[in-house]
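One-letter residues, chain by chain:
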Amino acid sequence: MRYRRPAALLTVALAGALTLAGCGDGDSGGKAGADAKAAGSGTRTVTDANGKKVDVPAAPKKVVTLSEPTLDAALALGAHPIGATSGRGQNGVAGYLAPKAKDAQIVANVAEPDLDKLAALRPDLILLDETVGAKRVQDKLSRIAPTVLTAKLNAPWRDAFTATADALGKKADGQKWLDTFDARLKTVKNELGDNAGAVTSVIRWQNGAPSVVGKGKGHVGDTLTALGLKRPQGQQGESSGHSEPVSLERLETIDGDWLFLGALGDKAAGEKGLKEATAVPNFGKLKAVEKHHVVVIDGSAWNSSGGPLAAEAVLTDVEKALAKKS
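What this report covers is the structure whose coordinates are included nearby.

What counts and what doesn't
- Residues numbered from 1 in each chain as written.
- Predicted model: local features only at pLDDT ≥ 70, side-chain atom pairs only at ≥ 80, totals over all residues.
- Heavy atoms only, no water.
- Buried < 20%, exposed > 50% of the residue type's maximum accessible area, 1.4 Å probe, protein only.
- Helix = DSSP H or I, 4+ residues; strand = E, 2+ residues; numbered from the N terminus.
- Arc of directions from axis to C-beta.
- Phe/Tyr/Trp six-rings, centres within 6.5 Å; stacked < 30°, edge-to-face > 60°.
- Polar contact = N/O pair within 3.5 Å; in protein donor to acceptor, adjacent residues only side chain to side chain.
- Contact = heavy atoms within 4.5 Å.
- Pairing = 2+ DSSP bridges.
- Axes fitted to C-alpha atoms, helices over the stretch in contact; angles between N-to-C directions.
- Core = buried A, V, L, I, M, F, W, Y, C linked by side-chain atoms within 4.5 Å.
- Salt bridge = Lys/Arg side-chain N within 4 Å of Asp/Glu carboxyl O.

### Section: helix α6 (residues 157-167)
By the burial criterion, the buried members of α6 are W157, A160, F161, T164, A165 and A167. The buried residues of α6 occupy one face: seen down the axis, they fall within an arc of 160°. Positive backbone phi, at 75°, marks G169, one or two positions downstream of α6.

### Notes on the packing of aromatic side chains
Between two aromatic rings, the relevant description is the distance of the centres plus the angle of the planes. Scanning all chains against the criterion turns up five aromatic pairs. Both rings, one in F161 and one in W177, keep their centres 5.7 Å apart while their planes meet at 75°; by these two values the pair is edge-to-face. Taken as a pair, F161 in helix α6 and W177 in helix α7 (residues 171-190) lie far apart in primary sequence, 16 residues in all. Since its relative accessible area comes to 1%, F161 is described here as buried. Between F260 and W302, the ring centres sit 5.0 Å apart and the planes meet at 15°, which makes this aromatic pair stacked. Remark: W302 occurs in helix α11 (residues 299-302) and F260 occurs in strand β11 (residues 258-262); sequence separation between them is 42 residues. Among the residues examined, F260 registers a relative accessible area of 0% and is labelled buried. Judged by its relative accessible area of 1%, W302 is buried. Each member of the aromatic cluster is reached from another via a ring pair, and the members are W157, F161, W177 and F181.

### Thoughts on the side chain of K215
Within the element layout of this structure, K215 appears in the loop between β9 (209-212) and α8 (219-226). Within the structure, the side chain of K215 is placed 3.2 Å from the side chain of E244, a separation counted as a polar contact. Leaving out residues up to four positions away in the same chain, K215 has contacts with R231, G234, Q235, Q236, G237, E238, S239 and E244.

### Some words on the pairing of β11
Of all five residues making up β11, five are buried, and the element is well covered by its neighbours. Neither face of β11 is exposed, since W258, F260 and G262 on one face and L259 and L261 on the opposite face are all buried. As paired elements, strand β8 (residues 200-206) and β11 share five bridges and run parallel to each other. Bridge pairing in β11 links R204 to G262. The pairing of β11 with strand β12 (residues 294-296) spans three bridges and is classified as parallel. Residue pairing across strands places L259 opposite V294, the latter belonging to β12.

### Details of the sheet that holds β8
The sheet built from five strands is open, its strands ordered β10-β9-β8-β11-β12 with mixed pairing. In this open sheet, the two strands that pair with only one neighbour each are β10 (244-245) and β12. Lying over the sheet, helix α12 (residues 308-322) contacts β11 and β12, oriented at roughly 135° with respect to β11.

### Observations concerning the nonpolar core
V148, L168, L227, L229, F260, W302 and V318 are the most contacted members of the largest nonpolar core, which has 52 residues in total. Apart from the residues lying within four places of it in its own chain, the contact partners of F260 are T200, S201, V202, I203, V295, I297, W302, D317, V318, A321 and L322.

### Digging into the pattern of salt bridges
Tallying each qualifying case throughout the model produces seven salt bridges. The closest approach of N and O atoms between D222 and R158, which form a salt bridge, is 3.2 Å. Taken as a pair, D222 in helix α8 and R158 in helix α6 lie far apart in primary sequence, 64 residues in all. The partly exposed category is assigned to D222, whose relative accessible area is 23%.

Put into structure tokens, the structure is as follows:
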């Protein structure tokens, strides 16, 4: 069934987008593939995370990314999305991505996309994953432009990155990026010295209490594991959600040799969070606090859904704090 817009003007915008991208039979490639081919750019077929074949432009020019990981990946590959989702708890894109995403218009938040604004951009490719609510309207998105679901929820960030690179026609560039990153991982691991194998806690301080973040195969957990760093017992295994609240009566469970603390925002928000934490009884008794091993982090990178640039930010922060100074 054809998707209907509630306002006449926006109906015209969507109609224009549909002329570009194709609709009718619900095929994610649709007329967009034929138009692109006629223009000489050609199309190619990729398989999305649901196993669905999608015809996408061979060289997309007007990409919209509807999740933090897809925006992160696109920027890492040198693409410049015209539309994006806002970061968690932020009005614009995730803070750590803002310098590279100045031209991206906000057309969604993590809960849902604004289909009117999105259609008005007339994209030639839409990328999303299951970290955002946009997945619920994927059929409507596919009527605006070829739409690729790059990853399922809790998929390893590397797999999600590779799938995004493939959809953008930049798979070789994606592998090159990973090879460079892995080489740097090995270098930093060899420079940890006395911090090799250190127990590393990662929390987000919000509303007067801590929450555990960065568990599992996400960009934080994967990077710390690759460096040979350990996690406190309560931060092992897969996460039951994006974050897991910790009772103030159980502060000892977030302790470790090192404590990386952030907030739902930038590093300044993390500094504010640390100030709040120091006023909480028993926080000052944590081993990491007593040793002055608390590192304030940019929560927009560490607490995001993650991607290559977020993983790079984690590695940089760990290197600065734990690696031996030459």
